[in-house]
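Understanding the architecture of this molecule
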Amino acid sequence: MEELHSLDPRRQELLEARFLGGVSGNTAGSTGSASGGTKTPEKKHSESSRGRKRKADNQSESSQGKRLTLFLSLALSLSLSLCLSVCLVCFLTDLTVVKLATIESNKNLDLEKKEGRIDDLLRANCDLRRQIDEQQKLLEKYKERLNMCITMSKKLLIEKVKLTLAEYHEQEEIFKLRLGHLKKEEAEIQAELERLERVRNLHIRELKRINNEDSSQFKDHPTLNERYLLLHLLGRGGFSEVYKAFDLTEQRYAAVKIHQLNKNWREEKKENYHKHACREYRIHKQLDHPRIVKLYDYFSLDTDTFCTVLEYCEGNDLDFYLKQHKLMSEKEARSIVMQIVNALRYLNEIKPPIIHYDLKPGNILLVDGNACGEIKITDFGLSKIMDDDSYGVDGMDLTSQGAGTYWYLPPECFVVGKEPPKISNKVDVWSVGVIFFQCLYGRKPFGHNQSQQDILQENTILKATEVQFPSKPVASNEAKAFIRRCLAYRKEDRFDVHQLGSDSYLLPHIRRASSSGALAPNSSSY
Ligand code: ADE
């Protein structure tokens, strides 16, 4: 123990520190901390050690003894429980002291080294901190950039979407233009197709006409009745041919209708036909109306051949027009109907009144060949004279049932029974309704795709209780109402020619608007 007292105070201090540290544990890690403790306690410890060293130099022997005693007593009190302290006491020999001194000096070196290292580490730490700060700054920057990138990406994405939309709109515009262009082209092609079809129809008709003319016995331009120079064939019917002729006397064109009876017919049938033609002539000859083709002359060529000379009309009939154009505007159709009705009014005002009985597009001549000009009614071959003898209160007997063109005849003409059906000018009114419908819609209202025979067999017209209007083309309600008045199933409900003549639909716009109020003056379909 004395040896211990004789120890270099610095070493002693170190030992004390070792023991104190080992007992209290307060600074236990201080020496050991060299291996990896924190710098601050290590520094404190180092500073306090140096401070104590300076103190020790100045302290007196007594205070040293007191402190050592205190220290030893403390150490001894703890030595029992602490093996480490016992061993340490045992090792406190000179050698051990030397060794300890060496260790201690090494430790000092270590400490210095460690201090340097710690400084290095601190510097490194600072460097790292700086680097970290830099990295963090960079990270922040990267984050910023990333955010910017994200934002930009989003923007780009949005812009890309916008761009896509823009592209879409761009394409849409192009497609719209293309579509419009294609539609225009399609319409042009369609129009051209229709034009070609019309030309084709004309060619077909001309071919037929030439063919018929070639086989006609009048093809060599004879002058009939020393007056009518035949020019060319206009058309051919069942037992007749119509030639365009030049009236040498009147110096005008005429239509010469040559009726040729079948040589194989019995004389009675021939006589009957002739009687019929004479009757037609008589009826027609007395008619004088601008909307009715004039009958100028009548003469026989031989027993089987006779001729009627008619006013010549340039242009085509309505049947051919509808074949070429399918339909027409309501204005045009109304104009045609108005003219027909005016002619019918005339036919019903003359004495005796006349029922045409065969009103149909083929018997309506279009003077200019189009739908916006004058018309003339022709062919009075089936006409009925409503003289007092034949016409009763409920009409006249239909003697020629089965004659006529069925699509245009009213239901009463198809009624069969013991008594012949009674007819009136309402037959012509029905025909007007059918013609008007056909002009507007391009189809017949009843039995459109049926043959005459089918209509008869299937009682098509007897079943024609109500007219159905197609949605297209659009026609005015007034036009439809007019047609309904014409196509009333029961003749009692149907307008007669007189009523039709004063129908509001056929009145001029101003008069219509002021008198009936039923029609809007600027009806859309006009
Ligand atoms: N075809 C039949 N009758 C006619 C007429 N009166 N004028 C011209 N062509 C016709």
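Residues numbered from 1 in each chain as written. Predicted model: local features only at pLDDT ≥ 70, side-chain atom pairs only at ≥ 80, totals over all residues. Heavy atoms only, no water.

- By the naming in an unreviewed UniProt entry, the protein chain goes by non-specific serine/threonine protein kinase and is assigned to Sinocyclocheilus rhinocerous.
- UniProt's Subcellular location (unreviewed entry) comment on the protein chain is quoted here verbatim: "Nucleus".
- What UniProt states about the protein chain under its Cofactor (unreviewed entry) heading is, verbatim, "Mg(2+)". (UniProt positions renumbered as here; feature names shortened; annotations may be inferred.)

**Considering the overall build of the protein chain**
- Within the protein chain one finds 15 helices and 13 strands.
- Put simply, of all contacts in the protein chain between residues at least 6 apart along the chain, 63% involve residues at least 24 apart.
- Only carbon and sulfur atoms are counted for the fraction: they give 54% of the accessible area of the protein chain, which is about 31400 Å². (Helix = DSSP H or I, 4+ residues; strand = E, 2+ residues; numbered from the N terminus. Contact = heavy atoms within 4.5 Å. Areas by Shrake-Rupley, 256 points an atom, 1.4 Å probe, with all protein chains shown as cover.)

**Some thoughts on the packing of aromatic side chains**
- Summed over all chains, the structure comprises 17 aromatic pairs.
- Between phenylalanine 239 and tyrosine 273, the ring centres sit 6.0 Å apart and the planes meet at 80°, which makes this aromatic pair edge-to-face. Of the two residues, phenylalanine 239 is situated in the loop between strand 2 (228-236) and strand 3 (240-247) and tyrosine 273 in helix 8 (residues 267-285); the sequence distance between them amounts to 34 residues.
- The exposure class of phenylalanine 239 is partly exposed, given its relative accessible area of 40%.
- Take tyrosine 273: its relative accessible area is 22%, and that puts it in the partly exposed class.
- Put simply, the rings of Phe239, Trp265, Tyr273, Tyr281, Tyr298 and Phe306 touch in pairs and so form one group of aromatic residues.
- Positioned above the aromatic ring of phenylalanine 320, the side-chain terminus of arginine 205 is 3.8 Å from the ring centre.
- The residue whose ring lies beneath arginine 252 is tyrosine 296, and the NZ or CZ to ring-centre distance is 3.6 Å. (Phe/Tyr/Trp six-rings, centres within 6.5 Å; stacked < 30°, edge-to-face > 60°. Buried < 20%, exposed > 50% of the residue type's maximum accessible area, 1.4 Å probe, protein only. Lys NZ or Arg CZ within 6 Å of the ring centre and 35° of its normal.)

**Re the sheet that holds strand 13 (residues 422-423)**
- The sheet built from three strands is open, its strands ordered 11-12-13 with antiparallel pairing. Taken across any chain shown, the strands that pair with only one partner, and hence form the sheet edges, are strand 11 (391-392) and strand 13.
- Direction of pairing for strand 12 (residues 395-397) relative to strand 13: antiparallel, over a ladder of two bridges. Note that in strand 13 the partner of aspartate 397 across the bridge is lysine 422. (Pairing = 2+ DSSP bridges.)

**Looking at the packing of helix 11 (residues 426-441) against helix 13 (residues 477-486)**
- Where helix 11 meets helix 13, the closest approach of the two axes is 8 Å, and the angle between their N-to-C directions is 145°. In terms of crossing hand, the pair formed by helix 11 and helix 13 is left-handed. Contact residues: helix 11 offers Val429, Trp430, Val432, Gly433, Phe436, Phe437, Leu440 and Tyr441, while helix 13 offers Ala479, Lys480, Phe482, Ile483 and Cys486.
- Counted by class, the contact of helix 11 with helix 13 contains eleven nonpolar, one polar and one charged residues. (Axes fitted to C-alpha atoms, helices over the stretch in contact; angles between N-to-C directions. Left-handed = near helix turned anticlockwise from the far one by under 90°. Nonpolar A, V, L, I, M, F, W, Y, C, P; charged D, E, K, R; others polar.)

**Concerning the nonpolar core**
- Counting residues in hydrophobic clusters, the biggest one holds 65 residues, and the most contacted among them are Leu318, Ile340 and Val432.
- Of all elements in the fold, only helix 9 (318-325), helix 10 (330-349), strand 7 (354-355), strand 8 (364-366), strand 9 (375-377), helix 11, helix 13 and helix 14 (497-501) reach the threshold of two or more residues within this core.
- With near-sequence residues (within four places) excluded, leucine 318 lies in contact with Met328, Ile336, Pro361, Ile364, Leu366, Ile435 and Cys439. (Core = buried A, V, L, I, M, F, W, Y, C linked by side-chain atoms within 4.5 Å.)

**Notes on the sheet that holds strand 5 (residues 295-302)**
- Here we have six strands laid out as an open sheet, ordered 1-2-3-4-6-5, and antiparallel in their pairing. Lying at the two open borders of the sheet, with one neighbouring strand each, are strand 1 (223-224) and strand 5.
- Here strand 2 pairs with strand 3 via seven bridges, running antiparallel. Bridge pairing links leucine 229 to phenylalanine 246 in strand 3.
- Its contacts with the sheet put helix 8 on strand 4 (252-260), strand 5 and strand 6 (305-311), and the angle it makes with strand 5 is roughly 160°.

**A closer look at the side chain of lysine 257**
- As for its placement among the helices and strands, lysine 257 is situated in strand 4.
- If near-sequence neighbours (up to four positions away) are discounted, lysine 257 is found in contact with Ser240, Glu241, Val242, Phe306, Cys307, Thr308, Leu310 and Asp379.

**Quick word on the site of the ligand**
- Around the ligand lies a shell formed by Leu234, Val242, Ala255, Val293, Glu311, Tyr312, Cys313 and Leu365.
- In the model, a nitrogen atom of the ligand is placed 2.7 Å from a nitrogen or oxygen of the glutamate 311 main chain.
- The backbone of cysteine 313 places a nitrogen or oxygen atom 2.9 Å from a nitrogen atom of the ligand.
- Expressed as a share of its isolated accessible area of 260 Å², the protein-covered part of the ligand is 82%. (Near = heavy atom within 4 Å. Polar contact = N/O pair within 3.5 Å; in protein donor to acceptor, adjacent residues only side chain to side chain.)

**Examining the pairing of strand 3**
- For strand 3, a buried count of seven out of eight residues is recorded, marking the element as mostly surrounded by other parts of the structure.
- Hairpin connection, strand 2 to strand 3: the antiparallel pair is bridged by three residues.
- With eight bridges connecting them, strand 3 and strand 4 associate as antiparallel partners. Pairing of tyrosine 243 across the sheet is with valine 256, part of strand 4.
- Where strand 3 hands over to strand 4, the hairpin turn is made up of four residues, of which glutamine 251 adopts a positive phi near 55°.

**As for the pairing of strand 2**
- As paired elements, strand 1 and strand 2 share two bridges and run antiparallel to each other. Following the sheet pairing, threonine 223 is matched in strand 2 by leucine 229.
- Between strand 1 and strand 2, which pair antiparallel one after the other, the connecting turn spans three residues, and asparagine 225 there sits at a positive phi close to 55°.

**A look at the environment of asparagine 316**
- Of note, asparagine 316 is situated in the loop between strand 6 and helix 9.
- Accessibility expressed as a relative area gives 21% for asparagine 316, which makes it partly exposed.
- The spacing of asparagine 316 and asparagine 370 is 54 residues in sequence and 7.9 Å in space, taken between C-alpha atoms.
- With near-sequence residues (within four places) excluded, asparagine 316 lies in contact with Arg205, Ile364, Leu365, Leu366 and Gly369.

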